[in-house]
Amino acid sequence: MDFSILTKLMEKLGELRMPREEIEEGEGESVGPEAVESASIEKSAQAPEQVVEEKGAKDFTSVAEEVSEEKENKRLLRYCPHCGKEVEPDAKYCTRCATLLEEPQEKGFGKKRVEVPKAPVRPWAMKAGNKVRRMSRRAKIGIPVTFFLIIAVVVALFVLAAIHSPSSTLERYLSLIKQGRYELAHDLIAESGRFTELDYFTKWQRFQADELGPLREYRITPGGEKSEFLGKYLDSGEEGKNRYTATLMFADASYDAEFEVEDAGGFWPIKRYRLRLGSGSSRVMTSIGGAEVYIDGVYAGEVEENSFFKNAKSLKELPASPAEAVDYAKKIAQTITGLANEIENLVQSVDDIALDVQRIVNKFGSTGVSWAEVVDAAGETLSSGKGFWTDVSRFAMGFYWLFGGGDDGSLRSELSHSVQTYDFKDLPDGYHKITVKAPGAKEENLDFIAPDHLFIELKPSQKTKEGLLTAMNSYYAIVASSLANPNGDALPAILGGSLLEEVSQDVARRALEGKQTITDLRKLDYEKIELLSPDVATVETVEVWNINELQAGALVSAQNDIKRQKVYTLRLEEDTWKVVERKEI
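None of these values were measured; they are calculated from a predicted model.

Enquirer: Can you walk me through the nonpolar core in this structure?
Expert: Of all hydrophobic cores here, the largest spans 74 residues; its most connected members are Tyr173, Phe201, Leu248, Phe424, Ile434, Tyr475 and Leu570. Examining the composition of this core, we find that 8 residues originate from one element, helix α16 (residues 462–484), more than from any other. In contact with Leu570, not counting residues within four places along its chain, are Leu468, Ala471, Met472, Asp535, Val536, Ala537, Val539, Trp577, Lys578, Val579 and Val580. Cys80, Cys94, Cys97 and Leu101 belong to the second-largest nonpolar core, a separate cluster that totals 6 residues.

Enquirer: I keep staring at the packing of aromatic side chains and nothing clicks. Help me out?
Expert: We describe a pair of aromatic rings using the distance from one ring centre to the other and the angle between the two ring planes. Evaluated as defined, the whole model comprises 13 aromatic pairs. With 4.6 Å between their ring centres and 50° between their planes, Phe195 and Tyr200 make a pair best called tilted. With respect to burial, Phe195 and Tyr200 carry one shared label: buried. Between the aromatic rings of Phe250 and Tyr255, the centroid separation amounts to 5.6 Å while the plane-to-plane angle is 20°, which identifies the pairing as stacked. Considered together, Phe250 and Tyr255 belong to a single accessibility category, that of buried residues. In this structure, Lys437 is placed above the aromatic ring of Tyr294, and the distance from its NZ or CZ to the ring centre is 4.6 Å.

Enquirer: What am I meant to see in the pairing of strand β18 (residues 576–584) here?
Expert: Within a regular strand, the side chains alternate between the two sheet faces. For strand β17 (residues 554–573) and β18, the ladder comprises 8 bridges, and the chain directions are antiparallel. Within β18, the position partnered with Tyr568 by the bridge is Arg582. With antiparallel pairing between neighbouring strands as the criterion, β17 and β18 make up a hairpin whose turn holds 2 residues, including Glu574 at a positive phi of roughly 50°.

Enquirer: Please explain the environment of Gly488 as it appears in this structure.
Expert: Mapped onto the elements, Gly488 comes out in the loop between α16 and α17 (497–513). Using a relative accessible area of 24% as the deciding quantity, one classes Gly488 as partly exposed. Counting along the chain gives 12 residues from Gly488 to Leu500, while the straight-line C-alpha distance between them is 9.4 Å.

Enquirer: I would appreciate a short explanation of α17 in the present structure.
Expert: Working note: α-helix, 3.6 residues per turn, so residues spaced by three or four point in the same direction. For α17, built from 17 residues, the straight-helix expectation of 24 Å at 1.5 Å per residue is met to within 8% by its first-to-last C-alpha distance of 25 Å. Residues of α17 that are buried: Leu499, Val503, Val507 and Arg510. Buried residues along α17 cover an arc of 60° about the axis, so they all sit on one side. The exposed residues of α17 that point more than 90 degrees off its buried face are Ser498, Glu501, Gln505 and Leu512. Lining the buried residues of α17 we find α16, β15 (515–533), β16 (536–551) and β18. Once α17 ends, the next one or two residues include Gly514, with phi positive near 70°.

Enquirer: What's the story with the pairing of strand β6 (residues 270–276) in this structure? I'm lost.
Expert: The two faces of β6 differ: Lys271, Tyr273 and Leu275 on one face are buried, but Ile270, Arg272, Arg274 and Arg276 on the other face are not. Hairpin connection from strand β5 (residues 254–267) to β6: 2 residues lie between these consecutive antiparallel strands.

Enquirer: Just checking my understanding: could you explain the sheet that holds strand β10 (residues 304–305) for this structure?
Expert: Read across the open sheet, the 4 strands follow the order β10-β11-β7-β14; overall the sheet is mixed. Sheet topology places β10 and β14 (453–456) at the edges, where each strand pairs with a single neighbour.

Enquirer: Any chance you could explain the pattern of salt bridges here in plain terms?
Expert: Opposite charge on two side chains lets them pair, provided their charged atoms get close. According to the stated counting rule, one finds 19 salt bridges in the structure shown. Between Lys271 and Asp263 there is a salt bridge; the shortest N-O distance is 2.8 Å. Exposure remark for Asp263: the relative accessible area of 47% places this residue in the partly exposed category. A cluster of three or more residues bridged by salt bridges with shared partners is formed by Asp506, Arg509, Arg510, Glu513, Lys515 and Glu549.

Enquirer: Even after reading the chapter, I still don't get the confidence of the model for the chain, so can you show me in this structure?
Expert: Detailed reading of the predicted coordinates is not advisable wherever pLDDT is low. Chain-level pLDDT for the chain is 77 on average; 70% of the residues reach the 70-or-more range. Taken as a whole, residues 16–60 scores under 50 in pLDDT and shows 39 contacts with residues more than four places along the chain or in a different chain. Across residues 106–114 the pLDDT falls below 50, and counting only partners more than four positions away or on other chains, this stretch makes 14 contacts in the model.

Enquirer: Before we go on, may I ask you to explain the sheet that holds strand β9 (residues 298–302) in this structure?
Expert: Strands in a sheet are paired, the pairing made by backbone hydrogen bonds, and the direction either parallel or antiparallel. Strand order in the open sheet formed by 4 strands is β9-β8-β12-β13, with antiparallel pairing between adjacent strands. For this open sheet the edge positions go to β9 and β13 (444–450), each flanked by a neighbour on one side alone. The mean inter-strand angle of the sheet, taken between neighbouring strand axes irrespective of direction, is 30°. Where strand β8 (residues 292–295) lies against strand β12 (residues 430–437), 4 bridges are found, and the strand directions are antiparallel. Bridging across to β12, Ile295 finds its partner in Ile434. The strands that helix α10 (residues 198–212) touches are β8, β9 and β12; relative to β12, the one it contacts most, it runs at about 100°.

Calculation rules
- Residues numbered from 1 in each chain as written.
- Predicted model: local features only at pLDDT ≥ 70, side-chain atom pairs only at ≥ 80, totals over all residues.
- Heavy atoms only, no water.
- Core = buried A, V, L, I, M, F, W, Y, C linked by side-chain atoms within 4.5 Å.
- Buried < 20%, exposed > 50% of the residue type's maximum accessible area, 1.4 Å probe, protein only.
- Helix = DSSP H or I, 4+ residues; strand = E, 2+ residues; numbered from the N terminus.
- Contact = heavy atoms within 4.5 Å.
- Phe/Tyr/Trp six-rings, centres within 6.5 Å; stacked < 30°, edge-to-face > 60°.
- Lys NZ or Arg CZ within 6 Å of the ring centre and 35° of its normal.
- Pairing = 2+ DSSP bridges.
- Expected span 1.5 Å × (residues − 1).
- Arc of directions from axis to C-beta.
- Salt bridge = Lys/Arg side-chain N within 4 Å of Asp/Glu carboxyl O.
- pLDDT = per-residue confidence, 0-100.
- Axes fitted to C-alpha atoms, helices over the stretch in contact; angles between N-to-C directions.

Shown next as structure tokens:
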């Protein structure tokens, strides 16, 4: 048998470079490629007879060719000289440690290659791996920690900025109100008006809680509510600039309140903001001038005659000198300005109604809104409607007075044909109770959501009515006695002002002429008793008289069942009501 082939195979096996670690791993029970390779090498080193024995029926020539082919294929595989990792024949870098490999010597080989999966290795990743390997342990830990701290600081800054934003300021304010912590809530309010005083603010919040129950929930809408009808013409501020609408839901009622949040200084991320509770005004209109006004139980001021009407009425008196002409021109300018204000109030009232209707539609079409909220919104619309017609009446009255109409120069006309007003500045949105008091009148209360226009007509109290009726009965008796027996001594007890002078002169003339007037009041009805101011009242009557005129005891004329409708003006002087004017209607 020719053993030359076997000899050459054994020489080639000796030239193979096998990593010691992988040969050792191939021992024992290993079944991987390395174990197979080790076994093959060991078998190749055995005697030919042993090889023939293990190969079975195969002849020795075929076995030799098979071993030779295996060695040629195995020769194409390469190993990293640094870590021993098996690499592809044409690889330039080790895929485990990125070590640069020598150029492969493939001459004489290449008939058959072992396919090995390729890893997507790029030069920059290899260089980065080498740099990371050469970095110190402190750097490897410090860089990720530093990077994490930078991210944490940035996130913390933005979180800090978020809790110092306009919306978060309003959220914090409402949350404190809900908890009843009014002093802390007061610290978030911008200084403006009496309601930003701590004592006043605290009383108002407690008053709301007593009247409406505690604040249960609230809903904040950015941008503030704006009527689609006339809002764009009436809103002078920039739309959506730190304006919010908060729907406040108390135990017994709910309403929408407007808030403005203004910059109070500071730097990002710790900016400071303050709330402005009210920027509008509300107006109380009554038929009684000089009445006292209380807001939520706290005295606010007195009702006084509207300057617009006062100036308009005075225009009927034409100037008689250059100095009066200058004053007259000023009053004209003031009246025109007042008329323009009344027109603006009318437009604002129309816009308020449109906004209320819009709220109803929005609430009715949204989810999670109770029927009670829709009813409340409808009630607000009806309230605004009443205010609108009040404004229409005031405008018509002002236009009427502008041309000097309707004034007969009497005290009754001066007081009854003008609207008494009291304006609230910066009255915040929310539930308020207006109380108007006047001596001799019933106390009048009216709940409302500010800002709004309110009309209150105070009625005389029962005691005042009784005093006025007693004065009128005394008037009829004393005047009738003075005319029947011409004597004016008792007249000052019941008459005053110009009427006292007028009746006294008539009685004195009748005494000189020897005339007597015998009157018989057949019927008397008091149609209306009204207070015009704390010390002025009017009484409207329907009277039926029989009147006989005598001269020197002889009947001169007789009139029966004469019906007259009159209005008497009475003034309170030293706690006694006296008739100061009388006019036939």
